[in-house]
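Coordinates in review
Each chain is listed here by its residues.
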Amino acid sequence: MTKIRLSENGFSVTGHCTADNNDETGRLVCASVSSAAYLVANTITEVVKDKADITVLEKSGEMHLKVASPSEATKTVLKGFKIHIQQLSEQYPDCIKVISEV
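Here the structure is a predicted model, which is why all the values come from computation and not from measurement.

What follows deals with the pattern of salt bridges. Scanning all chains against the criterion turns up two salt bridges. Glu 72 serves as the salt-bridge partner of Lys 75, at 3.4 Å between the closest nitrogen and oxygen. Of this pair, Lys 75 and Glu 72 both sit in helix H2 (residues 72–91), three residues apart, which is roughly one turn of that helix. What makes Glu 72 exposed here is its relative accessible area of 56%.

Okay, here's the thing in structure tokens:
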């Protein structure tokens, strides 16, 4: 199961939702979550230009992003990420668990 913890200034993604290499749904969901997380990280750091602490541990499937002083633009991007992830978790409840602190 992929767990996504959302906060006002960032997020953490942990785990894989694939049962094995033949789990097409799990691979699709993991790719969707990863793509969305990287899009958010790149938008915040490269477009908005906010400074973020980002940690990626590929083997364990972890990504952590924290912005010390998020601008309004970053807050908007994070809200969009929350909506996207919540919709994915509704489509794939056995694969994604969202923990929202927002």
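Okay, back to it.
The next point concerns the pairing of strand S2 (residues 10–14). Look at any regular strand and the pattern is simple: side chains alternate between the two faces of the sheet. Across five bridges, the pairing between strand S1 (residues 2–7) and S2 is antiparallel. Among the inter-strand pairings, Lys 3 is bridged to a residue of S2, identified as Thr 14. As consecutive antiparallel partners, S1 and S2 are separated by two residues. Where S2 meets strand S4 (residues 62–66), four bridges bridge the pair, whose relative direction is antiparallel. Within the sheet, the bridge partner assigned to Phe 11 lies in S4 and is Leu 65.

Another aspect to go through is the nonpolar core. Ranked by size, the top nonpolar core spans 22 residues in total, and within it Ile 4, Phe 11, Val 33, Phe 81 and Ile 96 carry the most contacts. When residues of this core are traced back to their parent elements, those giving at least two are S1, S2, helix H1 (24–48), S4 and H2. In terms of residue count, H1 provides more of this core than any other element does, eight residues in total. With residues up to four places along the chain from it excluded, the contact list for Ile 4 reads Ser 12, Val 13, Val 33, Phe 81, Ile 85, Ile 96, Lys 97, Val 98 and Ile 99.

For Ser 7, the position within the fold is in strand S1. A polar side-chain atom of Ser 7 sits 3.0 Å from a polar atom in the side chain of Asn 9. Ignoring any residue separated from it by four or fewer positions in sequence, one finds Ser 7 in contact with Glu 101 and Val 102.

Attention now goes to unusual backbone geometry. Backbone geometry places Lys 49, a non-glycine residue, at a positive phi of 75 degrees. Overall, the relative accessible area of 58% leaves Lys 49 in the exposed class.

Once that is clear, we can look at the packing of H1 against H2. Two numbers describe how H1 lies on H2: the axes approach to 10 Å, and their chain directions differ by 175 degrees. The angle between H1 and H2 falls in the class roughly antiparallel. Residue-level inspection shows Ser 32, Val 33, Ala 36, Ala 37, Val 40, Thr 43, Ile 44 and Val 48 of H1 in contact with H2, the latter providing Ala 73, Thr 74, Val 77, Leu 78, Phe 81, His 84, Ile 85 and Leu 88.

What counts as what
- Residues numbered from 1 in each chain as written.
- Predicted model: local features only at pLDDT ≥ 70, side-chain atom pairs only at ≥ 80, totals over all residues.
- Heavy atoms only, no water.
- Salt bridge = Lys/Arg side-chain N within 4 Å of Asp/Glu carboxyl O.
- Helix = DSSP H or I, 4+ residues; strand = E, 2+ residues; numbered from the N terminus.
- Buried < 20%, exposed > 50% of the residue type's maximum accessible area, 1.4 Å probe, protein only.
- Pairing = 2+ DSSP bridges.
- Core = buried A, V, L, I, M, F, W, Y, C linked by side-chain atoms within 4.5 Å.
- Contact = heavy atoms within 4.5 Å.
- Polar contact = N/O pair within 3.5 Å; in protein donor to acceptor, adjacent residues only side chain to side chain.
- Axes fitted to C-alpha atoms, helices over the stretch in contact; angles between N-to-C directions.
- Parallel < 35°, antiparallel > 145°, perpendicular 65-115°, else oblique.

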